Amino acid sequence: MEVRNKVRGIAHDLDVAKVTLTGIPNQPGVAAAIFEPLAKAGVSVDTIVQNAFMANSTDLTFTVTRGDLKKAADIIQQLAQKIGAREVVTDSKLGKVSIVGTGMQNTPGYASKMFSALSQAGINIQLITTSEIRITCIIEEARVKDAVTALHKAFELEKD
């Protein structure tokens, strides 16, 4: 049986900003209270990561486009007090890089190979998200080009 590389391409995006709420009460309805006002304001949210809770609180991070960061941050700052969050932190100097291909989810090793390639290039991963056809890492904007190069090399893909 032929073993094939299921990664068909590397994608990247430099229009990424991050919002993190720390110390959110871990209770039903908090996520809805955060994301409903953003949706009503027309802010599209991409990656969402909620940490495991400790001492009845949790941290929640999500990404938006840079153009939506101010609007999102203003909404979240007002909301933070209402929901009892400890702090709101933003970062607008981010990018994302993804490996894309079908069948990766059912074949071990793609995530570890991606993370290893980024590590060997000295690139820190801030957030990770996956789907059936992609693995995406949120990283510093300044390192996106290096990440793309490292991933093309690791997965033996030709650069366009």
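These numbers come from a predicted model, not from an experiment. Throughout this description, residue numbers start from 1 for each chain and increase along the sequence as written. Thresholds applied to this predicted model are a pLDDT of at least 70 for local features of residues and 80 or more for the giving and counting of side-chain atom pairs; totals over whole chains, interfaces and linings are not thresholded and use all residues. Water and hydrogen atoms play no part in the side-chain values, which are based on all heavy atoms of the structure.

Trainee: Describe the pairing of strand β3 (residues 57-64), naming the residues involved and giving the relevant values.
Mentor: Taken across its eight residues, β3 has six buried, putting it largely inside the fold. Strands are treated as partners if at least two bridges between them are detected by DSSP. The numbering of helices and of strands both runs from the N terminus, where a helix is a DSSP run of H or I of at least 4 residues and a strand a run of E of at least 2. Relative to β3, strand β1 (residues 9-25) runs antiparallel, the two sharing seven bridges. Paired with leucine 21 across the two strands is leucine 60, which belongs to β3. Where strand β2 (residues 48-50) meets β3, three bridges bridge the pair, whose relative direction is antiparallel. Within β3, the residue paired with glutamine 50 across the bridge is leucine 60. With antiparallel pairing between neighbouring strands as the criterion, β2 and β3 make up a hairpin whose turn holds six residues, including alanine 55 at a positive phi of roughly 55 degrees. Burial classes: relative accessible area under 20% of the type maximum marks a residue as buried, over 50% as exposed, and values in between as partly exposed (1.4 Å probe, protein chains only).

Trainee: Residue-level account of the pattern of salt bridges, with values.
Mentor: Proximity of charged atoms lets side chains of opposite charge pair with each other. A pair is scored as a salt bridge if a Lys or Arg side-chain nitrogen falls within 4 Å of a carboxyl oxygen belonging to Asp or Glu. Enumeration according to the criterion identifies four salt bridges in this entry. Between aspartate 74 and lysine 70 there is a salt bridge whose closest N-O contact spans 2.9 Å. Of the two residues, aspartate 74 and lysine 70 both sit in helix α2 (residues 66-83), four residues apart, roughly one turn of that helix. Of the residues examined, lysine 70 reaches a relative accessible area of 59% and is grouped as exposed.

Trainee: Pulling in residues and values, what's your account of α2?
Mentor: An ideal rise of 1.5 Å per residue puts 26 Å on 18 residues; α2 measures up with 25 Å between its terminal C-alpha atoms. Note on bend: at a given residue it equals the angle between the axes fitted to the 7 residues ending there and to the 7 starting there. Within α2, the axis deviates most sharply at alanine 72, by approximately 25 degrees. Within α2 the residues assigned to the buried category are Asp68, Leu69, Ala72, Ala73, Ile75, Ile76, Leu79, Ala80 and Ile83. Tucked into the core, α2 has its buried residues touching β1, α1 (30-40), β3 and β4 (87-100). For a helix, the expected span equals 1.5 Å multiplied by the number of residues minus one. The contact rule is simple, with two residues in contact once any of their heavy atoms fall within 4.5 Å.

Trainee: An account of the packing of α1 against α2 is requested, with residue identities and associated values reported.
Mentor: The geometry of α1 relative to α2 is characterised by a closest axis approach of 10 Å and an angle of 150 degrees between their N-to-C directions. It follows that α1 is roughly antiparallel to α2 by the angle criterion. When you trace α1 past α2, the crossing you get is right-handed. Residues Val30, Ala33, Ile34, Pro37 and Leu38 of α1 form the contact with α2, whose participating residues are Ala72, Ile75, Ile76, Leu79 and Ile83. Classification convention: Asp, Glu, Lys, Arg as charged; Ala, Val, Leu, Ile, Met, Phe, Trp, Tyr, Cys, Pro as nonpolar; all other residues, Gly among them, as polar. When the residues that make up the contact of α1 with α2 are grouped by side-chain class, the tally is ten nonpolar, no polar and no charged. Axis geometry follows a simple rule: fit a line to the C-alpha atoms, using only the stretch in contact for helices, then measure angles between N-to-C directions, giving values from 0 to 180 degrees. If an angle is under 35 degrees, it is roughly parallel; if it is over 145, roughly antiparallel; if it lies from 65 to 115, roughly perpendicular; otherwise it is oblique. If you view the pair so one helix is near and one far, a crossing is left-handed when the near helix is turned anticlockwise from the far one by less than a right angle, and right-handed when it is turned clockwise.

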